[in-house]
Amino acid sequence: MIATLLNNRKLIISTYIIVALISALKQILRRHDNNYQIFKNVFYHIIEEKSLYASYPNLYFDYNHYGPIFGLFIAPFAIMPDGLGMVFWCIFNALVLVYAISQLNLESSKINLILWICMHEFLTTSLGQQFNPIMTSIIILSYVLIEKEKDFWSACLIILGTFIKLYGIVGLAFFFFSKNKMKFIGSLAFWSIVFFVLPMAISSPEFIINSYSEWFARLLEKNNENGSFDSMQDISIMGLFKKILNMPNLSNLLFLIPGIVLFGLPYLRFNMFSNKKFQLLLLSSVLIFTVIFSSGSESPTYIIAFAGVAIWFIIQEEKTKWTWFLFIFALLLTSFSPSDLFPKYIKETYIKPYSLKALPCVLIWFQITYELITTQFSKQHLITK
C-alpha cells in the first residue's frame, strides 16, 4: 500500500502544492515576504523607469539581482494583491518543477522517487519565495527539449534563464547532444534578441539598455560581498575551503579552473553523446556544478543541486555501499540541515559557519565526474520510459 501511495503522481503533485501553499501562508502571516517584494518591484520599477538595482529600504532589504526580463516574467503575480500573488508564485514554482522532472526519459516510478527526494529541498526554497525551482526546471528542460529534438524551445529556455539569473547559461552544456547544431545556434541568437528587446515593451530602450549595464555592475559587487564570512552566500566548494582554512582571500580561480577542466573531460568521450545514461549523468553534473562552483549559492539554491543528486542516485543500476553513503550523507547534511529536524547546536556551530551543506554535493559531483570518465556505457544503459 505504501508503494502504491509513493507511486501516485496525483498525490505527489498535491503534496507539492500543499507544501507551496503552507510555505507561502506561513511567511505571509510572519511578514517574511522580502524576496517576493524584490521580485514584484522589478516589474513596477521597469514601468516607472526607476533603477532596478538601487537600494529601496522602504520596500525591501538587500538588492535585486535579476535581469530586466524578469519584470515581465513576474508581472502576472505582481499585479495581484501581495498575499494572493505570493501564494500563486510559490504554487507556480512547485508545478513547473514537477512538470520538468516528469519530462525526464525515465520510468514513471523513478521520476516519482526523484520528486519525493527533492521535496524537502523544495520546502526550503519555497519558504524564501525563491526562483530556484524554476531555474532547476529551466536547466532540466533545456536538456529534455534537445533530447526531443526541439532545439528552438531549448534555446528559448537557455536564453531566458541566462537573461533572468545567468545560471541558465549552463544549458549550453547540452549543445553537443543536439542533432541540428546550426538550428540551435540560430535559435540562441534569435531568442537573445527577443529577450533583450522585450522589456522595452513596458519601458524605454534607453532605460533597459542602462539597466543591463547596472545589472552587470551589481553582480560584480555582489560577488565581492559573497566572500565575506558574515554572508549567507558562498555555500560552495570555494566557501567550504575558505571557511575551514580561515582564508577569506583565497582566490576562487584555484577552484574554478580545475573544476571547469574536470567538468569538460567527459566531453572527450564523443561516442557516448547519444547514450541516455551518459546524458542523464551529465545533466546531474551540470545541476550540481552550477551550485557548488558559484559564490552566490545559498541554502535555498540547493534545490538545483539536489535535483542533480536525486537523478544521479536513481539511475544507479547497482547501488553500492558508497552510493548509499553519499546519498544518505546528502539527505542529512545538505537537505535536512537547515531545518528544525537537525540539532540546532550542530547547525549553528559547524554547518553554517563552515558551509558544510555543500560538502555532500561536492563529493557526489566528483563521483559523477569519475563515472562519466570511466564507465563503459553500453546499449543496455539506454533508459526509457
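Provided above is the structure to which this section pertains.
Residues numbered from 1 in each chain as written. Predicted model: local features only at pLDDT ≥ 70, side-chain atom pairs only at ≥ 80, totals over all residues. Heavy atoms only, no water.

(A) Seen up close, the overall build of the protein chain. A count of helical and extended segments in the protein chain gives 17 helices and 0 strands. The C-alpha radius of gyration of the protein chain comes to 20 Å, within 12% of the 21 Å expected for a compact globule of 385 residues. Along the first, second and third principal axes, the C-alpha atoms of the protein chain reach 55 × 55 × 50 Å. Looking at the protein chain residue by residue over its 385 residues, the buried ones come to 56%. Entry remark: accessible area of the protein chain is about 17,200 Å², with carbon and sulfur atoms responsible for 68%. For the protein chain, the separation between the mean place of its 29 positive charges and that of its 22 negative charges on side chains is 9 Å. (Helix = DSSP H or I, 4+ residues; strand = E, 2+ residues; numbered from the N terminus. Rg over C-alpha atoms; globule rule 2.2 N^0.38 Å. Buried < 20%, exposed > 50% of the residue type's maximum accessible area, 1.4 Å probe, protein only. Areas by Shrake-Rupley, 256 points an atom, 1.4 Å probe, with all protein chains shown as cover. Lys, Arg positive; Asp, Glu negative; His and termini not counted. Charge placed at Lys NZ, Arg CZ, Asp CG, Glu CD.)

(B) The arrangement of the packing of aromatic side chains in detail. The final tally for this structure, using the stated rule, is 52 aromatic pairs. For the ring pair Phe-77 and Phe-92, a centre distance of 5.4 Å and an interplane angle of 45° mean the geometry is tilted. Pair noted here: Phe-77 is in helix H4 (residues 70-78) and Phe-92 is in helix H5 (residues 82-102), with a separation of 15 residues, a long-range link. An angle of 25° between the planes, with centres 6.4 Å apart, marks the rings of Phe-174 and Phe-177 as stacked. According to the relative accessible area criterion, Phe-177 is buried, its value standing at 8%. A cation sits over an aromatic face here: Lys-181 above Phe-175, 6.0 Å from the ring centre. The ring of Tyr-63 is capped by Arg-218, whose NZ or CZ atom sits 4.0 Å from the centre of that ring. (Phe/Tyr/Trp six-rings, centres within 6.5 Å; stacked < 30°, edge-to-face > 60°. Lys NZ or Arg CZ within 6 Å of the ring centre and 35° of its normal.)

Any functional reading would require information beyond the geometric quantities listed.
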